[in-house]
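# Secondary and tertiary structure notes
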Amino acid sequence: PEWEGDAEWELAGTLGFLWEDTICRALTMAGVPLVEVGELEPDGILCSPDRIEIDPVLGLVVWDAKMTWKSIRKSPPTQRWRWLAQMKSYCRALNTLVCRIPALYACGNYAPPAPVLVGVEIEFTQQELAENWQMIVSTANTLRRRATQP
């Protein structure tokens, strides 16, 4: 990636992994039965959800922890296009419609800068998953073609 070798960006990435580990451990200790599933590769596209849960009411639920330095006021979890595209892909790969995102906004809304934790549960439609996956596969195919062109 273009940020590789940039100490500040690498630190930010490390903090994201630390957040994922910390929140997943805390949730497990609180009794949420989270399970690691590892990497999935539907249609040759790598998916690596953080955890899954078998909820007694909802069934399979995808969990993916997020951390950002962006303002929660300007960029709430339900408006983060990249996060939503990723969650839709994970849901499709695991044949479920529901995801949960524990999101840590490191600086909250910047008024004043202070960490804010937000948890959201999103239920997608089959159509949303299908449209998203079509876009993901199309983009992957375009990138593969470009990679093989001289």
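See above for the structure.
To start, this report covers the structure provided alongside it. For clarity, every value in this text was computed on a predicted model and none was experimentally measured. (Residues numbered from 1 in each chain as written. Predicted model: local features only at pLDDT ≥ 70, side-chain atom pairs only at ≥ 80, totals over all residues. Heavy atoms only, no water.)

## What to know about the side chain of Arg 100
Just so we agree on the cut-off: A run of DSSP states H or I qualifies as a helix once it reaches four residues; a run of E qualifies as a strand once it reaches two. Both are numbered from the N-terminal end. Two N or O atoms form a polar contact when they lie within 3.5 Å of each other; inside protein one atom must be a possible hydrogen donor and the other a possible acceptor, and for residues adjacent in sequence the pair counts only when both atoms belong to side chains. Note on contacts: a residue pair is in contact if any heavy atoms of the two residues lie within 4.5 Å.
Examined against the element boundaries, Arg 100 turns out to sit in strand 5 (residues 98–105). Within the structure, the side chain of Arg 100 is placed 3.3 Å from the side chain of Asp 55, a separation counted as a polar contact. Looking at Arg 100, its side chain comes within polar contact range of the side chain of Glu 121, at 2.7 Å. Discounting chain neighbours no more than four positions away, the residues touching Arg 100 are Glu 53, Asp 55, Leu 58, Val 61, Val 62, Trp 63, Asp 64, Val 120 and Glu 121.

## Some thoughts on the pattern of salt bridges
Any two side chains of opposite charge can pair, on the condition that their charged atoms come close. Cut-off, in case you're wondering: A pairing counts as a salt bridge when a side-chain nitrogen of Lys or Arg comes within 4 Å of a carboxyl oxygen of Asp or Glu.
If you walk through the whole model with that rule in mind, you get 8 salt bridges. The salt bridge partner of Arg 51 is Glu 36, with a shortest N-O separation of 3.9 Å. Taken as a pair, Arg 51 in strand 2 (residues 51–55) and Glu 36 in the loop between strand 1 (34–35) and strand 2 lie far apart in primary sequence, 15 residues in all. Between Arg 100 and Glu 121 there is a salt bridge whose closest N-O contact spans 2.7 Å. Placement of Arg 100 in strand 5 and of Glu 121 in strand 6 (residues 116–123) is noted, with a sequence separation of 21 residues between them.

## Some details on helix 3 (residues 126–148)
Counted only if it meets this: Here the expected length of a helix is defined as 1.5 Å per residue gap, with one fewer gap than residues. Exposure categories follow from relative accessible area, calculated using a 1.4 Å probe and restricted to protein chains: below 20% of the type maximum is buried, above 50% is exposed, and the middle band is partly exposed.
In a regular helix each residue adds 1.5 Å, so 23 residues correspond to 33 Å; helix 3 covers 33 Å between its end C-alpha atoms and thus fits that length. Listing the buried residues of helix 3 in full gives Leu 129, Asn 132, Trp 133 and Ala 140. If you follow the buried residues of helix 3, they end up packed against helix 2 (81–93).

Functional significance is not addressed by these values, which are geometric in nature.
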